[in-house]
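Analysis of the macromolecular model
Take a look at the letters that make up each chain.
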Amino acid sequence: MAPQDKKTPTPEVLIGEGPALLALHADGVAHIRLNRPEAANGLDIACSRACTR
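**Points about the side chain of R36**
- Within the secondary structure, R36 sits in the loop between β3 (30-34) and α1 (45-52).
- Within polar-contact distance, the side chain of R36 engages the side chain of D44 at 3.2 Å.

**Here we look at the pattern of salt bridges**
- The tally for this structure, following the rule as stated, stands at one salt bridge.
- Linking D44 and R36 is a salt bridge whose minimum nitrogen-to-oxygen distance equals 3.2 Å.
- Look at D44 and you get partly exposed, because its relative accessible area is 33%.
- Looking at R36, the relative accessible area reads 13%, which means it is buried.

What counts, and at which threshold
Residues numbered from 1 in each chain as written. Predicted model: local features only at pLDDT ≥ 70, side-chain atom pairs only at ≥ 80, totals over all residues. Heavy atoms only, no water. Helix = DSSP H or I, 4+ residues; strand = E, 2+ residues; numbered from the N terminus. Polar contact = N/O pair within 3.5 Å; in protein donor to acceptor, adjacent residues only side chain to side chain. Salt bridge = Lys/Arg side-chain N within 4 Å of Asp/Glu carboxyl O. Buried < 20%, exposed > 50% of the residue type's maximum accessible area, 1.4 Å probe, protein only.

Right, here's the structure in full:
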């Protein structure tokens, strides 16, 4: 948990919809999140391709 006196910057959302979501944080770390709740976030060919673009 981040200290209360310091605010964690909000990441820049590069891809905010579709099978894979992409956010870039100020420290240069990118997070890829799967967005397929109907498939328990499992990978299929379309989701795999979205992650490699």
